[in-house]
Amino acid sequence: MFPLHALHQLIIALKMGRALVGSAVAVAVISLMISSAIVHCAMDPPVQSPINSAAREFLEAHNQARASVGVGPLKWSETLANATGRVVRYQRDKMGCRFAELNDIKFGANQFFGGGSSSGWTPRMAVDKWVGEKKYYNYTSNTCAANEKCGTYTQVVWRNSTELGCSQANCVKEMASLIVCFYNPPGNYVGERPY
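Throughout what follows, the structure given in this document is the object of discussion. Everything quoted here is computed from the prediction, not taken from an experiment.

1. Remarks on the overall build of the protein
(1) Moving on: Scanning the protein for helices and strands turns up six helices and six strands.
(2) Moving on: When the helices and strands of the protein are listed from N to C terminus, the series reads α-α-α-β-α-β-α-β-β-α-β-β.
(3) Moving on: For the protein, the proportion of contacts with a sequence separation of at least 24, taken over those separated by at least 6, is 69%.
(4) Moving on: Summed over its atoms, the accessible surface of the protein is roughly 11600 Å², and 59% of this surface lies on carbon and sulfur atoms.

2. A few points about unusual backbone geometry
(1) Moving on: N184 connects to P185 through a cis peptide bond whose omega is -15°.
(2) Moving on: Structurally, the position occupied by P185 is in the segment after β6 (176-184).
(3) Moving on: Unusually for a residue other than glycine, N188 sits at a positive phi of about 65°.
(4) Moving on: Counting through the fold element by element, N188 comes out in the segment after β6.
(5) Moving on: Taking relative accessible area as the criterion, N188 reaches 34% and is therefore assigned partly exposed.

3. Describing the packing of aromatic side chains
(1) Moving on: Overall, the coordinates contain seven aromatic pairs when judged by the stated rule.
(2) Moving on: On the numbers, 5.6 Å between centres and 25° between planes, the contact of F107 with F182 is stacked. One end of the pair, F107, is in the loop between α4 (78-94) and β2 (108-115); the other, F182, is in strand β6, with 75 residues separating them in the sequence.
(3) Moving on: Ring centres of Y139 and Y195 lie 5.0 Å apart, and the angle between their planes is 15°; on these two criteria the pair is classed as stacked. Taken as a pair, Y139 in the loop between β3 (137-138) and β4 (143-144) and Y195 in the segment after β6 lie far apart in primary sequence, 56 residues in all.
(4) Moving on: Note on Y139: relative accessible area 35%, which makes it partly exposed.
(5) Moving on: Accessibility expressed as a relative area gives 22% for Y195, which makes it partly exposed.
(6) Moving on: An aromatic cluster is built from Y137, Y139, Y153 and Y195, whose rings are joined through pairwise contacts.
(7) Moving on: Positioned above the aromatic ring of Y139, the side-chain terminus of R193 is 5.1 Å from the ring centre.

Cut-offs and rules
Residues numbered from 1 in each chain as written. Predicted model: local features only at pLDDT ≥ 70, side-chain atom pairs only at ≥ 80, totals over all residues. Heavy atoms only, no water. Helix = DSSP H or I, 4+ residues; strand = E, 2+ residues; numbered from the N terminus. Contact = heavy atoms within 4.5 Å. Areas by Shrake-Rupley, 256 points an atom, 1.4 Å probe, with all protein chains shown as cover. Buried < 20%, exposed > 50% of the residue type's maximum accessible area, 1.4 Å probe, protein only. Phe/Tyr/Trp six-rings, centres within 6.5 Å; stacked < 30°, edge-to-face > 60°. Lys NZ or Arg CZ within 6 Å of the ring centre and 35° of its normal.

Shown next as structure tokens:
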């Protein structure tokens, strides 16, 4: 797809060609301008596909939590989203919408199970639940409060994670939703602080 300025150059070249019809100069000018526009397009960075509203909601909720502790934003990864999509569909279709066994994956991961409704849970609700563990995290000692968990929070804000992909499965029979997010590179390394 031509950028607007390259398309504008092409239109100018075509108009000049009409004015100089039959001239070898016109052919040379048009060829040169078209080549310039094509080369310029080849040098432009690829345009990232727009993401859907659920992906945007996952990303915004994560990046708000990260910004609150001074960590840079995540970028959406279709590769990770596709991987999480396969996981949640399998869990919905074959495993009764239970949490997935994710110990052997190369990404960081968070899971959310919301009961009571097969479609009432939003991406932001899941991320807010994970971020809610912040109250149990002690940055000074880099530990969770006794008898509490905070690993899903620390993965959300892990400074070295740069990519995010998430999916949600609505489980009608179980009246629940299962949400899985993958992070690349993974976080939660023992002994390291998230930020």
